[in-house]
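Listed below are the residues making up each chain.
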Amino acid sequence: MELQQLRYVVAVAETSNFTRAAERCRVVQSALSHQIAALERELGARLFERTSRRVRLTPAGEAFLPAARECLEAADRARAEVAAVGGEILGRLAVGAIPTLAAVDLPVALRDYRRRYPRVHITLTSAGSESLIERVRQGGVDVAFLGLPPRMEPKGVQSRHLGGGELVAVVAPGYHRTETEVDLRSLADEPFIDFRAGAAGRAQSDEAFAAVGVRRDVPFEVSSAELMVDLVRQGLGVGMLPAAFAPRFPDLRVIRLRDAPTRVEHLIWDNRPSPAALAFLELIGADRAEAPPG
């Protein structure tokens, strides 16, 4: 069993097509097919069902694929570790971030990182904090930027506080109220646009309203700040955004809140970061030795 054979299996599984898999691996299709057939003979089981219309994994292939990916990741990690000893950073860097990140200018950080380490393949995923914590735990994401209510701390990962801040209300330019600062109770009768119930981005607002005994109406639940802002622009309701993030939308009116919800932004990473991840943490200024509280 060879690493190249494992790469071919993963490529076919991900493309569901031998021709596209061969193109991805930069090899002629006959060679790729020959190597997969040799691996199947060695394993004593077929990994793919082939028809004239599609290719799909057999039960044996489904069982084999996760282990094949783990082997390839371990080989890449070993190669990167050896290169790092000689001062060269390579491999992959998978970054995750919440949509409303404010403590770090992530596009600039990624630009600087790519200039410094051009041989690292960088990917970026935007998701909610809970999903990003789980992806870092499972190894799918190397480092991630979160936003959590003050009472919450990411568990099972290394972490560093990046800072905290208050949320503000954002409304359309023609919003019927003229105040620049209000309390939460005064907004109780307004329709709200917020993240889905149960998400960390929603919890900080829900908890603040609950603390003052107000039950608000949230008829519009969204998964991104951009959609929230688009709905606010149409006058469909009041949005809630971090005060440091709201200025990105200068066409909206910002209303300060005297009893504002707050959140804390965190940078998290795996307990055994790769050389590429360590280089990114160094660029951001993270302290590798800082462990999560509790």
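For every chain, the first residue of its written sequence is number 1, and the numbers climb from 1 along that sequence. Per-residue local features of the predicted model are confined to residues with pLDDT of at least 70, and side-chain atom pairs are confined, for both listing and counting, to 80 or more; whole-chain, interface and lining totals are unaffected and use all residues. Working from all heavy atoms in the structure, the side-chain values ignore hydrogens and water.

Moving on, we come to the pairing of strand β9 (residues 217–222). Note on pairing: two strands pair once DSSP finds at least 2 bridges between them. We count a stretch as a helix when DSSP gives it H or I for four or more residues in a row; a strand needs E for two or more, and each element gets its number in order from the N terminus. Note that strand β8 (residues 191–195) and β9 share four bridges and pair parallel. Pairing of Pro 191 across the sheet is with Asp 217, part of β9.

Once that is clear, we can look at the packing of helix α5 (residues 106–116) against helix α9 (residues 275–284). Angles here are taken between N-to-C directions and fall from 0 to 180 degrees, while the axes themselves are lines fitted to C-alpha atoms, restricted in helices to the stretch in contact. The N-to-C vectors of α5 and α9 enclose an angle of 125 degrees; their axes lie 11 Å apart at closest approach. Classified by the interaxial angle, the pair formed by α5 and α9 is oblique. With respect to the hand of their crossing, α5 and α9 are arranged in right-handed fashion. Residue-level contacts link Leu 106, Ala 109, Leu 110, Asp 112, Tyr 113 and Arg 116 of α5 to Ala 276, Ala 279, Phe 280, Leu 283 and Ile 284 of α9. Class assignment for the residues of the contact of α5 with α9 results in nine nonpolar, no polar and two charged. Working definition: roughly parallel below 35 degrees, roughly antiparallel above 145 degrees, roughly perpendicular at 65 to 115 degrees, and oblique for all remaining angles. Should the near helix be turned anticlockwise from the far one by less than a right angle, the crossing is termed left-handed; should it be turned clockwise, right-handed. Every residue pair with non-hydrogen atoms within 4.5 Å of one another is taken to be in contact. Residue type decides the class: Asp, Glu, Lys and Arg count as charged, Ala, Val, Leu, Ile, Met, Phe, Trp, Tyr, Cys and Pro as nonpolar, and the leftover types, Gly among them, as polar.

Turning to the packing of helix α1 (residues 3–15) against helix α3 (residues 29–43), a few remarks are in order. Where α1 contacts α3, the two axes come as close as 9 Å, and the packing angle between them is 105 degrees. It follows from the interaxial angle that α1 and α3 lie roughly perpendicular. Packed against α1, whose contacting residues are Gln 5, Tyr 8, Val 9 and Val 12, the element α3 presents Leu 32, Gln 35, Ile 36, Ala 38 and Leu 39 at the interface. When the residues that make up the contact of α1 with α3 are grouped by side-chain class, the tally is seven nonpolar, two polar and no charged.

A word on the nonpolar core. If you look at the biggest cluster of nonpolar residues, it comprises 34 residues, and the most contacted ones within it are Leu 93, Leu 106, Tyr 113, Val 143, Phe 145 and Phe 280. Residue assignment for this core shows that the elements contributing at least two residues are β3 (91–97), α5, α6 (129–138), β5 (143–148), β12 (262–269) and α9. Looking at this core element by element, the count peaks at six residues for α9. Discounting chain neighbours no more than four positions away, the residues touching Val 143 are Leu 93, Ala 94, Val 95, Gly 96, Leu 267, Ile 268, Trp 269, Ala 277, Phe 280 and Leu 281. Membership of the second largest hydrophobic core comes to 21 residues, among which are Phe 18, Ala 21, Ala 22 and Leu 65. In these notes, a set of buried Ala, Val, Leu, Ile, Met, Phe, Trp, Tyr and Cys residues joined through side-chain atoms within 4.5 Å is what counts as a nonpolar core. Note on classification: 1.4 Å probe, protein chains only; a residue is buried when its accessible area is under 20% of the maximum for its type, exposed when over 50%, partly exposed between these limits.

Successive residues of a regular strand alternate their side chains across the two faces of the sheet. Counting buried residues in β8 gives four out of five residues, a clear majority hidden from the surface. With two bridges connecting them, β8 and strand β10 (residues 238–242) associate as parallel partners. Bridging from a neighbouring strand, Ile 193 pairs with Gly 239 of β10.

Every buried residue of α6 is listed here: Ser 129, Leu 132, Ile 133 and Val 136. Down the axis of α6, the sector holding all buried residues measures 105 degrees, keeping them to one side. The secondary structure elements touched by the buried residues of α6 are β3, β4 (120–126), β5, α7 (200–211) and β12. Comment: arc refers to directions from the helix axis out to C-beta atoms.

Quick look at the pattern of salt bridges now. The salt bridge definition used is simple: a Lys or Arg side-chain nitrogen within 4 Å of an Asp or Glu carboxyl oxygen. Tallied over the full model, the rule gives 17 salt bridges. Arg 151 is paired through a salt bridge with Glu 207; the nearest N and O atoms lie 2.4 Å apart. With a gap of 56 residues between them, Arg 151 in the loop between β5 and β6 (158–171) and Glu 207 in helix α7 connect regions that are remote in the sequence. Several salt bridges converge on common partners, so that one network encompasses Asp 194, Arg 202, Asp 206, Arg 216 and Glu 221.

Within the secondary structure, Ala 80 is located in helix α4 (residues 59–85). You can call Ala 80 buried: its relative accessible area is 5%. Between the C-alpha atom of Ala 80 and that of Ser 274, which follows or precedes it by 194 residues, the distance is 7.8 Å. Setting aside residues up to four positions removed in sequence, Ala 80 forms contacts with Leu 90 and Pro 275.

Looking now at α9. Counting buried residues along α9, seven of its 10 residues qualify, which places the element largely inside the surrounding structure. Of all the residues in α9, the buried ones are Pro 275, Ala 276, Ala 277, Ala 279, Phe 280, Leu 281 and Ile 284.

Locating Phe 195 in the fold gives a position in strand β8. The class for Phe 195 is buried, based on a relative accessible area of 12%. Remark: the alpha-carbon pair of Phe 195 and Val 218, spanning 23 residues in sequence, is separated by 9.2 Å. Ignoring any residue separated from it by four or fewer positions in sequence, one finds Phe 195 in contact with Thr 100, Gly 201, Arg 202, Glu 221, Val 222, Ser 223, Ser 224, Ala 225 and Met 228.

Here the focus is the packing of aromatic side chains. In summary, the pairing rule links any two rings of Phe, Tyr or Trp, Trp by its six-membered ring, whose centres are within 6.5 Å, and it sorts them by plane angle into stacked for under 30 degrees, edge-to-face for over 60 and tilted for everything else. This structure, assessed with the given rule, holds six aromatic pairs. Aromatic pair Phe 18 and Phe 48: ring centres 6.0 Å apart, planes at 75 degrees, arrangement edge-to-face. Remark: Phe 48 occurs in strand β1 (residues 48–50) and Phe 18 occurs in helix α2 (residues 18–25); sequence separation between them is 30 residues. The buried category is assigned to Phe 48, whose relative accessible area is 1%. With 5.0 Å between their ring centres and 55 degrees between their planes, Tyr 113 and Tyr 117 make a pair best called tilted. Exposure class is identical for Tyr 113 and Tyr 117. Each is buried. In textbook terms, an aromatic cluster arises when at least three aromatic residues are bridged by ring pairs, as seen for Tyr 113, Tyr 117, Phe 145 and Phe 280.

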